[in-house]
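# Observations on the model geometry
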Amino acid sequence: MALAEALPEPPPFELLLADLADDGRVVHVEEAAARTASMGLLNRPLPAAVAATLGADALWSHQASAINLARSGANVVIATGTASGKSRCFQLPIAEAVLDPLRPGTAMLLYPTKALAHDQLRAFTALDIPEIAAGAYDGDASSEEKAWIRENANVVLTNPEMLHGGVLPRHQKWDALLMRLRYVVIDELHVLRGVFGTHVAHVLRRLRRICRHYGSDPTFIFCSATIGQPERLAAALCGAPVEAVTADGSPRGPRSFALLDPPVVDDEHGTRSSANSETASITASLVETGHRTITFCRSRKGVELVAADITRRLPPRLDGRVVAYRAGYLADERRMIEDNLATGELSGIVATSALELGVDVGALDACVLNGFPGTIASMWQQAGRAGRRSDPSVTVLVAGEDQLDRYLMQHPEEVFSRPPEPSVVNTANPFILDPHLACAAYELPLSHEDLRWWSEEELHDGVRNLVRADSLRLRRRWRNGREEPFAHWCGTGYPTREISLRSGSRGEIKILHHHDERVIGTVDASRALTSVHTGAVYLHRGQAFDVIDLDLEEGHARVVEADGLEYTQARSDTEIRVLAVDGVQRVGRAALHLGTVEVATRIHGYQRRDVRSRKILANEKLELPEQQLVTRAFWYVIDADLIDELVDAGFDPPGTLHAAEHAAIGMLPLFTICDRWDVGGVSTARHADTNGATVFIYDGSPGGAGIAELGWEAAANHLEATLEVIDGCGCLDGCPSCVQSPKCGNGNEPLDKAGSVELIQRILRPIAPEFQGK
């Protein structure tokens, strides 16, 4: 029996919000009125079969605008709210292209996950247009199914990995599709950022290059959740201009959005009650009163803990009505959960961002966010999972202890007025560019004609590097009446096999069970020394494992099950060297630089800590090789007289700079779509290359993923937000909500919270009151 049939009409959300407000936990409630639909018209008639099937006479304004642009040959990105009918924006042009009587067209649709591709495959099948032959070309397809798709499909749904490794290297087998390719659809654009997005940008350039070889020039249609400057990201991905459609014409029911701050339970240390517990309590209340609810947690472990707590709080009649959902579950398990939620067999689900993407789970009434998800864009994407029809909905954001959560509780208006952050890619990153140029040369020899896909610097530097590595060989040929150079692949095997699109490095470490050799998981080679060193505790699917051996040469770590009572934190020494400076700007009493750096990190030990109390149980030593990372960074060089003032006032420069570094890293996701784990930092009272006190913040990906550039652009705004989160924290000496970092290689020592406040105030406000001292 569906929940709607099992329970009476649920009480209005106002009663729940009133109860939460009575005990002082609610910081702010934002009410949004219902939105009526805005309709649009197409600029020319559609084929009768398409119009009858897709209802072209009832298009919302953003759908009509996007379809008109795509039909005119313009690349377009649709960045509107969840459940705003973005699929119609590409289904209609694709159907029209397939039915073209003069030259029937084909289409390729790329999804970041197989589940989303299969969702859309079902949607195309349901259109009941006989001429559309659609197929999902992914790792789950059998050899027979793949052969059928290559030979017969005119609509191919796949993912970037399959395009990269299965289609482009064997493009001769796909000539029938490629020579008539009319549209390329990129769904969930907002996840194509950083390293993954940079890889996809090169894959799409390779696709356009092969299409040109076969005589086609497809139009790109991007679909995205609401992000900042979507046309900028889309253009960077496909290497061509893109028009943005952002005015949402779909209807929406009234929405309430509440910010809940867990109460302080320890005034001295600023400790608050558990966000997990608060989240479970609110979700249980919503479910028990008949509101179908989705709850988002930031980690897999958090999902399991919160789901179990909710179950304990619910009455027996609701046993089994709330389940966990996260990456790592088998495909059949995920599909069963999605179907049960869509049909009403479940009344609640606790998920990671695996359900942030557009899998159809039906209409939900409420959304609970266990901590700020890191970016405004992700927050609205998650909140949009509730109220997907015209009914009222509620979202409750339960603040965590991170710097961003604390900042937003102090400035609730920022949650609703701040525009979504932009996403970026860095196509010039040589660690990603060079392997893709090798792939391109394998597919077709590289020549000067490829300057249409890559810049002169990218192409020439990349080819030079690959020739030196004996991967490419230079030759000359006569073409169009003149001799021209070209570069062809001279390596062995498929170069695509050397690339993982989700990683900036060129290798992964397999995590093997010590007793039966089964693969537990994988970790990027660049992060292995900090996460799976010998003695580390590795967490996978809620299960803790002890790492008993790490073999970098063989590329694996061996693990055994652990009791989960401890966790480990690597201790490291990091040195940073400036290789190039691309820009300098003044920010108050500091000089902000942007450039390329080399980071050398040596893991010298690790701490074993108690999971519940976080107390140090032991300090262990390690002898591991030094890691070197060439990447992008921005850094502040503080004026010398300001450092002198800090010393005279009794503040500790190393602790002051270190605290400011931690808080600045924690606040960076407010200005770019990234995670604090995507970046690193180094602070020093005197650096040899800058000749002054310096705070470095560097991109954690080899070559950089564009994060440093956005940090550079944010400049004073980033520092202002950093100052506010430190100064507004009620703790005495620093806590995880302001200046402590969960990934500090020095064990959060030394830290001077008060000094960091004075430092940033003096940088931003040169004419400020005299120091009060300590």
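Cut-off values and rules
- Residues numbered from 1 in each chain as written.
- Predicted model: local features only at pLDDT ≥ 70, side-chain atom pairs only at ≥ 80, totals over all residues.
- Heavy atoms only, no water.
- Helix = DSSP H or I, 4+ residues; strand = E, 2+ residues; numbered from the N terminus.
- Rg over C-alpha atoms; globule rule 2.2 N^0.38 Å.
- Buried < 20%, exposed > 50% of the residue type's maximum accessible area, 1.4 Å probe, protein only.
- Contact = heavy atoms within 4.5 Å.
- Areas by Shrake-Rupley, 256 points an atom, 1.4 Å probe, with all protein chains shown as cover.
- Lys, Arg positive; Asp, Glu negative; His and termini not counted.
- Charge placed at Lys NZ, Arg CZ, Asp CG, Glu CD.
- Salt bridge = Lys/Arg side-chain N within 4 Å of Asp/Glu carboxyl O.
- Polar contact = N/O pair within 3.5 Å; in protein donor to acceptor, adjacent residues only side chain to side chain.
- Core = buried A, V, L, I, M, F, W, Y, C linked by side-chain atoms within 4.5 Å.
- 1 Å grid on protein atoms, 1.4 Å probe; cavity = no way out; pocket = protein on both sides within 12 Å on 5 of 7 lines; lining within 4 Å.
- Points joined across faces, edges and corners; volume = space filled by probe spheres on them.
- Nonpolar A, V, L, I, M, F, W, Y, C, P; charged D, E, K, R; others polar.
- Phe/Tyr/Trp six-rings, centres within 6.5 Å; stacked < 30°, edge-to-face > 60°.
- Pairing = 2+ DSSP bridges.
- Axes fitted to C-alpha atoms, helices over the stretch in contact; angles between N-to-C directions.

## Notes on the overall build of the protein
Within the protein, the secondary structure is distributed over 24 helices and 32 strands. At 27 Å, the protein has a C-alpha radius of gyration in line with the 28 Å of a compact globule built from 774 residues. Evaluated residue by residue, the protein yields a buried proportion of 56% over its 774 residues. Across the protein, every contact between residues at least 6 apart in sequence was considered, and the portion connecting residues at least 24 apart equals 72%. Just so you have it, the protein exposes about 32200 Å², and 49% of that area is on carbon and sulfur atoms. Charged side chains of the protein number 77 positive and 104 negative; the gap between the two group centres comes to 5 Å.

## Observations concerning the side chain of Arg208
Relative to the elements of secondary structure, Arg208 occurs in helix H10 (residues 194–213). One buried charged residue, Arg208, forms no salt bridge at all, with the nearest opposite charge on Asp217 at 4.7 Å. At a separation of 2.8 Å, a polar atom in the side chain of Arg208 contacts the main-chain carbonyl oxygen of Cys238.

## Examining the nonpolar core
Soluble globular proteins: nonpolar side chains tend toward being buried together. One finds Leu397, Phe634, Tyr636, Ile638 and Leu759 to be the most contacted residues of the largest nonpolar core, which totals 72 residues. Of all the elements, helix H23 (residues 707–727) adds the most residues to this core, at 10 residues. Among residues more than four places away in sequence, those in contact with Leu397 are Phe257, Ala258, Leu259, Leu260, Leu369, Gly371, Phe372, Met379 and Met409. Membership of the second largest hydrophobic core comes to 44 residues, among which are Leu177, Leu181, Cys211 and Val242.

## Overview of empty space enclosed by the protein
One pass over the full model with this rule turns up 2 cavities of 30 Å³ or more. Along its surface, the largest cavity is lined by Tyr636, Ile638, Ala660, Ala664, Val695, Ile697, Leu719, Leu759, Ile760 and Ile763. The set of elements that each furnish at least two residues to the lining of the largest cavity consists of strand S30 (627–638), helix H22 (653–667), strand S32 (692–699) and helix H24 (753–764). Broken down by element, the lining of the largest cavity gets its largest block of residues, 3 residues, from H24. Considered class by class, the residues forming the lining of the largest cavity number 10 nonpolar, no polar and no charged. Estimated volume of the second largest cavity: approximately 40 Å³.

## So, the pattern of salt bridges
Across all of its chains, the model carries 31 salt bridges by this definition. Ionic pairing is found between Arg272 and Asp261, a salt bridge with its closest N-O pair at 3.3 Å. Taken together, the residues span a long stretch of sequence, with Arg272 in strand S13 (residues 271–272) and Asp261 in the loop between strand S11 (255–260) and strand S12 (264–266) at a distance of 11 residues. Salt-bridge contacts for Glu517 lead to Arg558; the nearest nitrogen and oxygen are separated by 2.4 Å.

## Description of the packing of aromatic side chains
Taken as a whole, this structure holds 8 aromatic pairs when the rule is applied. Each ring, one from Phe257 and one from Trp380, has its centre 5.4 Å from the other, and the planes form 65°; the classification is edge-to-face. Of this pair, Phe257 sits in strand S11 while Trp380 sits in helix H15 (residues 376–383), placing them 123 residues apart in sequence. Judged by relative accessible area, Phe257 falls into the buried class, the value being 1%. Within the aromatic cluster, the residues linked to one another by ring pairs are Phe257, Trp380 and Phe416.

## Observations regarding the sheet that holds strand S10 (residues 243–245)
Across the sheet, which stays open at both edges, the 7 strands sit in the order S6-S7-S5-S8-S9-S4-S10 with parallel pairing between neighbours. With one partner strand each, in any of the chains shown, strand S6 (134–136) and S10 form the two edges of the open sheet. Along the sheet, successive strands turn relative to each other by an average axial angle of 15°, direction set aside. Here strand S8 (residues 181–186) pairs with strand S9 (residues 219–224) via 4 bridges, running parallel. Bridge pairing in S9 links Ile186 to Phe222.

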